[in-house]
Amino acid sequence: MSVGRRVVLGGAAAALASARLRRAKAEAPKQGGVLRVSAYGDITSFDPATGRSGEDHVQLYPLYDTLIDYDFPTLTARPRLATAWNFVDPKTLVLDLRPAVLFHDGTACDAAAVKYNLDRVRSYPRSNIKADVDAIDTVETRGAQQVVLHLKRPDTALPLVLSDRAGMMVSPTAFEKYGEAFDRNPVGAGAMRFVEWRDKDRTVYARNDKYWQPGRPYLDGIRFALISDLQTGLRSVMTGENDFIYALTPQQMMLARRARDLVTSASPTLFCQLLFFNYGRGLMADARVRQAINYAIDRKAFDQASALDLYQVAEMLLPKEHWAYDAALAVRYPHDPVRARALLAEAGHRDGITLDLMAYNDQASQQRAEILIEQMKAGGITLRMKSGALPEITGQFFSGKIGDMLLAAWTGRPDPSLSYALMFGKNGYFNPGGAEMPGLEDALAATRVSEALDVRKAAFATVQKIVIDDALCAPLLFQAQLVAHNAKVQGWQPTLLGKPRFDDVFLSG
Amino acid sequence: MGGAWREFGQRAAAMLPAALLATLLVFALLHLVPGDPAVTLAGENASAARISEIRHLTGLDRPLAVQYLVWLNGVLHGDLSRSLLSGMPVAQAIAEKLPLSLFIVVLAMAFALVLGVPLGILAATHPGSIIDGVVSGLAALGVALPNFWLAMILVALFAIDLHWLPATGAVSLRDNPTQALRHAILPAMALAAGGMAEVARQVRGALTVVLRAPFVRTLHAKGLPGAAIVWRHGMRNIAALLLTLLALLFNRTLGATVVIETVFAIPGIGSTMVEAAVGKDFPMVQGVVLVMALLVIVSNLLVDLVISWIDPRGRRSVGP
Amino acid sequence: MTHEFWRWIRHHPLAALAILWLTALVVLGLLAPWLAPASPTAQNPAEVLLPPDARHWLGTDDLGRDVLSRLIYGSPVALAASLLAVAVAALIGVPLGLLAGFAGGWIDMLIGRLVDAVLSFPAIILAVGITGALGAGLIDGMIAVGVVFAPVLARLARAETRLVRAEPYVEAARGFGAGTFYLLRRHILPNVAEPLIVQMTLLLAQALLAEASLSFLGLGAQPPAPSWGAMLARAYTYMEIAPEQMYAPGLAIVFTSLAFNRLGEALRAALDPREGAGSHFSDADPATAVSSDRRA
């Protein structure tokens, strides 16, 4: 089954358009069946507090319901285990809990359990998410269905924080029993319960018959085949070994589209490919150099060459669909190599400069780096590339401050303030520059003061303006969530966060 | 025979330090590699504070010598510790992944022998003929092919085009023998090419020498049919060679599984080792290296044992 | 003279072909900027993954670069990488082997243990470790490969040294008070040089394959410098869309590897015409460094 290349590649945009129209006939949800998903590798930990990768969520969501949920297309907050929440004052957040929710082991998910969880993520030594809930001072229970969070400072990012790891409720009984081994023995209150995990092979879930949503889940179980090679994964779906695969590359998407019995879906996400700048040192400390880099990049061509036009050009760190997107900042840096050279000359580098680019050694990253290296030549920037394995390069760039730029990606956070704090906050680990840009800390704090979306949006606009005007990084593309599945799989809804959720999925026929 | 076992035991005991030395070398080597597993463990929400906290929690901030000795102490008590990154007991991980790789290796060795020995015999019994030329050519090709390239070609042909065999993954023998075999055939074939070439070449070479010896001509003159000569006298003399070859084949194929496992996305011991090394998962790497070093050593020793049993005089000269 | 030259070619056609191929690679490599039809790094998004045609004799790759040009520019990389790896192996292994074979006793045992430890080491881990420590990249990867191959040369050097050292004339020279260094230089080295050179030539083929494997795993050459192994790695990710991408670099590797092997075999036959092929273990592959050596 070899595919005609030109047809495959030339028809990218057209195929995309036609595929959006091609939907399986809508059916009424049916009970039964096990969904077999090709997952992008092992989970780092089943304990939401100790995990460390954005790729984990797809396997965490079925097991753990969160206190608060997010609206799939826009990422605004909506109820889940908490039916309502309210900032009675900027430093007090009251959560009303849904009654009669049970964990998989029968323990009640009540106020006491929620308090246990919120205390745990702050005090458990192995917790990786302490920073997310740092604003919480104490947690108080009022009866069995209400929890009050007393904060050290205003933090209106908390509701959305509670839609992520910090809000994933684990059973206190189970955690007391397993301790560290909870990493491998999860017990939550989600639609699925854990059956087994065979490293690098599969994880298996079975239906939670005590789930609080009536009639849900539709599926009898989910099996994640852990296939870290996407080609292998796609093949497994094409041959029927698996039903569903996500996070496809654009090239694979083309293949999937040509397969007659596969349904494909492309949807925007927060997942941003970008160049991190080490703006604290050397040539990068000059804003003009950083701006020149931004001008030298042709994002549209980058999209075409590396993503077959399937991704969205990124002018800032949030995509068009997000509630905090600011159109005023769009196209701050159009492709302009002449302008780039002029800026470099202004900064004293009339003959161009040489910079060190760090990149990961997987083929996709290498390809992207090769494209950027060529593009930057026209702007007077020569790139020396240093690539290596992900753990090594990440450590070297962020801890060791080695290299001028890192070609990487940001998986996005449920609340934008988390992203900006981690990437540009003074103490943010992913802020290699380490410098404090004037006004940024205040602007960041301002995003967490009010609950009103329009106020927050304006605050984010200030933050983004500082980041983009000073060219503290070079956003490149927003990846699309590229998914392929067979026709049996119905009810799939993509999310802007880009981490797949199988809440409404059912198997037909 | 008892003496042989005792000698085996003594030599095995002497080899153990070599295996442990290998783990020490790995430990030292990996520490030369920049990269901090604590950074990996801190993950997406990393912060400098969190990273030092993790270093302390996992004992990564202790002096290197202490870290190694603690691990060594564990090993001597039968505990291979846990993966730094996944928490899984190293012994369990090895027990799950090693059989997958071994199955492929053994299958590959079987292919190599089943194809290589007859080819070598053919070439030796028809020296200078076209058959000899073809065998030599195949042997040369087998050694020159990058095995992962051969793997790619096999996948393209048998899995993608013809759909005869699965392109990906592995199935444990215990779970489903038929599927296990189907998944293992293509990887084994890719691995076998080099081995087959080596076996054919060695068999041809050694057998040629044997067949040229005077005693063979005498047997010929006495009227013994060619096949009997080859079988009874030729092969017996090269039995030791074949056994040594087996050991070498095993070692080499085991080492080569890494790249093959990458092409076929097989969660075997090779890819586990590389990922652990890249991620600085010290306990996992050291455990795997120890086990693999022991495997290599034991297989060598076994072969030596069998050879000395077959051929106690250790002669390498050729005779009836 | 020419008569003998043509006669040699007629008697050794494959060896001649091998030398021709390797020479062509060297020439192409040196004259790449003039001989290659296009720049190896010039990308053209409109001409991605084209089949061979008049303008691109081997088609284009995933970024629209001319495959033939990348192959040509990649040949000096391939040759230099192999040479570097073998040079490193020789620099480390040969002195150690000479020393072990000549000195005997506890030095021999010590070096033997060291060699054993390295040999029981999974080669790929050594490569990962060294490239990690030195930084990924072609040169560092090849140094790693050199370290992996060093034991092979050490073993061979030791075995040959012991043979020569036992010769009567060497004993006589020692009796006359000749120093170690003098003996090594004057008597031992010239005699072990031949088998060593043969083995090193054969190792060139293995080094090439090792470079390809390392690049395939992402541990080798850095883009955008073209390397045959990296081209194969890229081709693998495009295997379903454009399977023919894997043939050109793969064949280049196979032919070059074959050529190195043939050259080594020809050298062995030329330098030691008494030894028929296979009378001692063929060392086309470094892992066949014999365990029975331990008994010798």
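If you're wondering where the values come from, they're calculated on a predicted model, not measured in any experiment.

Caption draft 1: The arrangement of the interface of chain A and chain B in detail. Contact residues are listed per partner, giving 36 residues for chain A and 32 residues for chain B. Elements represented by at least two residues in the side of chain A that touches chain B include exactly helix H7 (230–238) and helix H13 (390–399) of chain A. Looking at the side of chain A that touches chain B, its residues break down into eight nonpolar, 15 polar and 13 charged.

Caption draft 2: Spatial organisation of the interface of chain B and chain C. Between chain B and chain C, the contact holds 50 residues from the first and 45 residues from the second. Of all elements in the fold, only helix H1 (2–32), helix H6 (130–144), helix H7 (147–161), helix H8 (177–212), helix H11 (239–264), helix H12 (269–278) and helix H13 (282–310) of chain B reach the threshold of two or more residues within the side of chain B that touches chain C. A per-class count over the side of chain B that touches chain C returns 35 nonpolar, 10 polar and five charged.

Caption draft 3: Spatial organisation of the confidence of the model for chain A. Of the residues in chain A, 95% reach a pLDDT of 70 or more, and the chain-wide mean stands at 89. In this model, residues 10–24 of chain A is a region of pLDDT below 50 whose contacts with residues beyond four sequence positions or in other chains number 14 contacts.

Caption draft 4: Examining the packing of helix H4 (residues 67–103) of chain C against helix H9 (residues 180–216) of chain C more closely. Residue and element names in this part refer to chain C. Two numbers describe how H4 lies on H9: the axes approach to 8 Å, and their chain directions differ by 145°. Seen along the crossing, H4 lies across H9 with a hand that is right-handed. Two secondary-structure elements touch here, H4 through Ala78, Ala81, Ser82, Ala85, Val86, Ala89, Ala90, Val94, Leu98 and Phe102 and H9 through Thr180, Leu184, Ile188, Leu196, Met200, Leu203, Leu204, Ala207, Leu208, Ala210 and Glu211. When the residues that make up the contact of H4 with H9 are grouped by side-chain class, the tally is 18 nonpolar, two polar and one charged.

Caption draft 5: Highlighting the pairing of strand S4 (residues 82–89) of chain A. Residue and element names in this part refer to chain A. Sheet topology note: the S4/strand S5 (residues 92–97) ladder contains six bridges and is antiparallel. Pairing of Ala84 across the sheet is with Asp96, part of S5. Taking the residues between adjacent antiparallel strands as the criterion, S4 and S5 are bridged by two residues.

Caption draft 6: Structural detail: the environment of Glu7 of chain B. One can find Glu7 of chain B in helix H1. The spatial distance from the C-alpha of Glu7 of chain B to the C-alpha of Met88 of chain B is 37 Å, given a sequence separation of 81 residues.

Caption draft 7: The arrangement of the domain arrangement of chain B in detail. Residue and element names in this part refer to chain B. When cut into domains, chain B gives domain 1 (2–76) and domain 2 (91–310). Each of domain 1 and domain 2 was reduced to a C-alpha centroid, and the two centroids are 31 Å apart. With 18 residues of domain 1 in contact, the opposing surface of domain 2 contributes 17 residues. Secondary structure elements with two or more residues in the side of domain 1 that touches domain 2: H1, helix H2 (37–42) and helix H4 (64–76). In terms of residues, the side of domain 1 that touches domain 2 owes the most to one element, H1, which gives 12 residues. Classifying every residue of the side of domain 1 that touches domain 2 gives 13 nonpolar, three polar and two charged.

Calculation criteria
Residues numbered from 1 in each chain as written. Chains lettered and ligands numbered in written order. Predicted model: local features only at pLDDT ≥ 70, side-chain atom pairs only at ≥ 80, totals over all residues. Contact = placed C-beta atoms within 7 Å. Helix = DSSP H or I, 4+ residues; strand = E, 2+ residues; numbered from the N terminus. Nonpolar A, V, L, I, M, F, W, Y, C, P; charged D, E, K, R; others polar. pLDDT = per-residue confidence, 0-100. Axes fitted to C-alpha atoms, helices over the stretch in contact; angles between N-to-C directions. Left-handed = near helix turned anticlockwise from the far one by under 90°. Pairing = 2+ DSSP bridges. Domains from an automatic or database assignment.

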